[in-house]
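Chain by chain, the residues run as shown.
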2 protein chains.
Amino acid sequence: MKRIMLTVAYDGTSYCGWQVQRNGNTIEGELNRVLSELLGEDIRVTGGSRTDSGVHALGNVAVFDTEAKMPAEKFSYALNQRLPEDIRIQESRQVPPDFHPRRCFSKKTYEYRIYNAEFPMPVKRLYAYFTYVPLDERRMREAAAFLIGEHDFKSFCSAGTAAESTVRTIYDLQVCREGEEIVIRVTGNGFLYNMVRIIAGTLIEAGRGNLEPAEVKTILEKKDRACAGPTAPANGLTLCQYQIL
Amino acid sequence: MKRIMLTVAYDGTSYCGWQVQRNGNTIEGELNRVLSELLGEDIRVTGGSRTDSGVHALGNVAVFDTEAKMPAEKFSYALNQRLPEDIRIQESRQVPPDFHPRRCFSKKTYEYRIYNAEFPMPVKRLYAYFTYVPLDERRMREAAAFLIGEHDFKSFCSAGTAAESTVRTIYDLQVCREGEEIVIRVTGNGFLYNMVRIIAGTLIEAGRGNLEPAEVKTILEKKDRACAGPTAPANGLTLCQYQIL
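Residues numbered from 1 in each chain as written. Chains lettered and ligands numbered in written order. Predicted model: local features only at pLDDT ≥ 70, side-chain atom pairs only at ≥ 80, totals over all residues. Heavy atoms only, no water.

### Here we look at the overall build of chain A
For clarity, the cut-off: Runs of E in the DSSP output that reach at least two residues are strands. Runs of H or I that reach at least four are helices, and both are numbered from the N terminus. The atom set for the radius of gyration is the C-alpha atoms, and the globule formula is 2.2 Å times the number of residues raised to the power 0.38. Summary of the burial criterion: residues with accessible area below 20% of their type's maximum are buried, those above 50% are exposed, and those between are partly exposed, where the area comes from a 1.4 Å probe applied to protein chains only.
For chain A, the count of helices and strands is five helices and ten strands. Relative to the compact-globule value of 18 Å for 245 residues, chain A shows a C-alpha radius of gyration of 19 Å, a close match. Principal-axis analysis of the C-alpha atoms places the extent of chain A at approximately 60 × 40 × 30 Å. Residues counted as buried form 56% of the 245 residues belonging to chain A.

Structure, rendered in structure tokens:
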């Protein structure tokens, strides 16, 4: 018996998110199906980030146990031959038998992209949220600064979370303009349910002038979801890196 | 009667190219359909670049004549409400009644993207050609330099072209690496049938070491399509700009 960790990239457009559910295809479901077929065992992977419907990933993680003799590094090749083209394993390697991706220290980096121009750009539509309302990225950057560090992010968490504590640490949160796109890049030790999308929605409110950047401090203190901005749409969000420390 | 010019952006993934054909949807066909519905006239647009199936555009151009009283600038809004989400008008304006997009001086800029890594990246798959064979972008840049300027590009043109002359001028041709991607960016006064894709295919051959960069000079002189590299796949190609001078 050995435990294998996969680094998994996917285009989330056609999936109902990571987690297996009764109706609709999921990333976890595709991995379970293809691994079980390949190995002739009943495989159930354990995921790192359980991303929502429509969210993309360059490097989410999944672990599973197998009796197979295949060298750990070969799983990526074998799986990529069988997976649909919108899911691709970037790396496979053996990890200790007690390793669990959500019960270890890790750093996750997410990007939220906004295409901010008069009209939508078709080639960007699946990977960036479009708004024609002009956004001032300096105001967004000012607002973002209040979120860096260890805070109780209860105001930035959708109802229905199973998390025991809503305290998380954001190591870095940058807002950059790349041509017509504004990119919010955030790294933290963990993110609550919808946290990155609520951060993006709140920074967008600051960018369009509906919110003073300094109000973000008050929103944190209120510990009330209703005080923060709306949950920004899923298509703008990409999990870029899930780094095991 | 007035003549309107549209700047048209599209994701070419689901289309059989620009030009109307009997089987399958085309960009030109969608524009004709939506314009005719909107205006109650039988509209047939004239396109700038007749891009192939799977090729994308940030700014192709199309012109048409209409009796409509709608101000030229309003067409972009009215059309975008009716077009499928993978086609979006970026600008509409009135042009002189004798203006023809292919019979005027113009500069076109194309980008060819290559995703060069061990495994494909799902979110890049529709907009970049994937190859795991390592490419040396310095060799590609060296090869590219021989193509800049006025040349007879007969070796870089697929059979069946209707062009009277195969002489074209390339103003600029750059090869840059952006992370795992190699971007070929070329600007010229016009491009022959499949010319950018054959240039990309030839530079890829130089990048993988199958061709010496200096051989590109000989390939030009031979004026024989068989001497150049293969036609690189359509998905990597995007028409970035069609500038009327």
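So that's the structure; there's more coming.
### A look at the relation of the copies chain B and chain A
To keep things clear, this is the line we draw: When the copies are superposed, the least-squares fit takes in the C-alpha atoms of residues with a pLDDT of at least 70 in both. Contact criterion: two residues are considered in contact whenever any of their non-hydrogen atoms come within 4.5 Å of each other.
Laying chain B over chain A is done by rotating through 180° and shifting 0.0 Å along the axis; what remains is an RMSD of 0.0 Å. The superposition of one copy onto the other is thereby described by a two-fold rotation axis. By residue overlap, the copies meet face to face through one surface: 100% of the interface positions of chain B are interface positions in chain A.

### Thoughts on helix α3 (residues 137-145) of chain A
Residue and element names in this part refer to chain A. Here is the rule we go by: The reported arc concerns the directions from the helix axis to the C-beta atoms and nothing else. Definition of a polar contact: a pair of N or O atoms within 3.5 Å, with one able to donate and the other able to accept a hydrogen when the atoms are protein atoms, and with sequence-neighbouring residues admitted only if both atoms are side-chain atoms.
Of all the residues in α3, the buried ones are Glu137, Arg139, Met140, Ala143 and Ala144. Viewed end-on, α3 has its buried residues packed into an arc of 155°, placing them on one side of the element. Capping of α3 at its N-terminal end is provided by aspartate 136; its side-chain oxygen lies 2.9 Å from the backbone amide nitrogen of arginine 138.

### Some details on the nonpolar core
Note the threshold: The term nonpolar core refers to a set of buried residues drawn from Ala, Val, Leu, Ile, Met, Phe, Trp, Tyr and Cys, joined through side-chain atoms within 4.5 Å.
Formed by 68 residues in total, the largest nonpolar core has its most connected members in Phe75(A) and Phe156(A). A per-element tally of this core places helix α4 (residues 195-207) of chain A first, with eight residues. Once you skip the residues sitting within four places of it in the chain, Phe156(A) turns out to touch Leu147(A), Tyr193(A), Asn194(A), Met195(A), Ile198(A), Ile199(A), Thr202(A), Ile219(A), Leu220(A) and Ala228(A). With 66 residues, the next largest nonpolar core counts Val34(B), Val45(B), Ile170(B) and Ala206(B) among its residues.

### Let's talk about the interface of chain B and chain A
To be explicit about the condition: Throughout, the accessible surface (probe 1.4 Å) given up by two parts as they are put together, summed over both, is called the buried area. Salt bridges are identified by distance alone: a Lys or Arg side-chain nitrogen within 4 Å of an Asp or Glu carboxyl oxygen.
Across the boundary between the two partners, chain B contributes 23 residues, which contact 23 residues of chain A. Summing the contributions of chain B and of chain A, the shared interface buries around 2000 Å²; its carbon and sulfur component is 64%. For chain B, the biggest contributors to the area lost against chain A are Phe119(B), Val123(B) and Arg125(B); these three give 30% of the whole. Our count for the contact surface shared by chain B and chain A stands at four salt bridges. The closest approach of N and O atoms between Arg125(B) and Asp11(A), which form a salt bridge, is 3.0 Å. Counting across the chain B and chain A interface gives seven residue pairs in polar contact (both at pLDDT 80 or more). At the level of elements, β1 (2-10), β3 (56-66), α2 (75-80) and β4 (87-95) of chain B are the ones that each hand at least two residues to the side of chain B that touches chain A.

### Structural notes on the side chain of Lys2(B)
Residues and elements named next belong to chain B. For clarity, the threshold we go by: The convention is simple: Lys and Arg are positive, Asp and Glu are negative, and His and the chain ends are not counted.
Looking at the element boundaries, lysine 2 is found in strand β1. Despite its burial, lysine 2 remains without a salt bridge, the nearest opposite charge being carried by glutamate 73 at 7.5 Å. Residue contacts for lysine 2: discarding those within four places in its chain leaves Phe64, Asp65, Thr66, Ala68, Lys69, Met70, Pro71 and Gln94.

### Concerning the packing of aromatic side chains
Just so we agree on the cut-off: Think of it this way: a Phe, Tyr or Trp ring, Trp meaning its six-membered ring, pairs with another when their centres are within 6.5 Å, and the plane angle makes it stacked under 30 degrees, edge-to-face over 60, tilted otherwise. Counted as over-ring charges are cases with an Arg CZ or a Lys NZ within 6 Å of the ring centre that also lie within 35 degrees of the ring normal.
With the rule as written, the count across this model stands at 13 aromatic pairs over all chains. Taking the centre distance of 6.2 Å and the plane angle of 70° together, the rings of Phe153(B) and Phe156(B) count as edge-to-face. On the basis of relative accessibility, which here comes to 0%, the residue Phe156(B) falls in the buried class. Between Lys107(A) and the ring centre of Tyr171(A), over which it is positioned, the NZ or CZ distance is 5.8 Å.

### Considering the pattern of salt bridges
Summed over all chains, the structure comprises 35 salt bridges over all chains. Between Arg44(B) and Asp42(B) there is a salt bridge, with its nearest N and O atoms 3.4 Å apart. Accessibility classification places Arg44(B) together with Asp42(B) in one group, the exposed group. The salt bridge partner of Arg139(B) is Glu212(B), with a shortest N-O separation of 3.6 Å. Here the residue Arg139(B) occupies a position in helix α3 (residues 137-145), and Glu212(B) occupies one in the loop between α4 (195-207) and α5 (215-222), the gap between them amounting to 73 residues. Each of Glu111(A), Arg113(A), Lys124(A), Glu178(A), Glu181(A) and Arg185(A) takes part in one network of salt bridges that share partners.

### Digging into the environment of Arg88(A)
As for its position among the elements, Arg88(A) is in strand β4 (residues 87-95). Separated by 78 residues in sequence, Arg88(A) and Tyr10(A) place their C-alpha atoms 6.3 Å apart. Once you skip the residues sitting within four places of it in the chain, Arg88(A) turns out to touch Thr7(A), Val8(A), Ala9(A), Asn80(A), Leu83(A), Pro120(B) and Pro122(B). Polar contacts involving the side chain of Arg88(A) include one to the main-chain carbonyl oxygen of Pro84(A), which spans 3.1 Å.

### Digging into the pairing of strand β9 (residues 181-188) of chain A
Residues and elements named next belong to chain A. Basically, it comes down to this: We call two strands paired when DSSP finds no fewer than two bridges between them.
For β9, a buried count of seven out of eight residues is recorded, marking the element as mostly surrounded by other parts of the structure. Direction of pairing for strand β5 (residues 106-115) relative to β9: antiparallel, over a ladder of eight bridges. Opposite isoleucine 114, over in β9, you have isoleucine 182 as the bridge partner. The pairing of strand β8 (residues 167-178) with β9 spans eight bridges and is antiparallel. In the sheet register, leucine 173 faces β9, and the bridge partner there is valine 186. Count of turn residues in the β8/β9 antiparallel hairpin: two residues, of which glycine 179 carries a positive phi of about 65°.

### Some words on the confidence of the model for chain A
The criterion, for reference: Per residue, pLDDT measures the predictor's confidence, with a range of 0 to 100.
Predicted confidence across chain A gives a mean pLDDT of 96, with 99% of residues reaching 70 or more. At the level of chain-chain contacts, confidence expressed as ipTM amounts to 0.95, with global pTM at 0.95.

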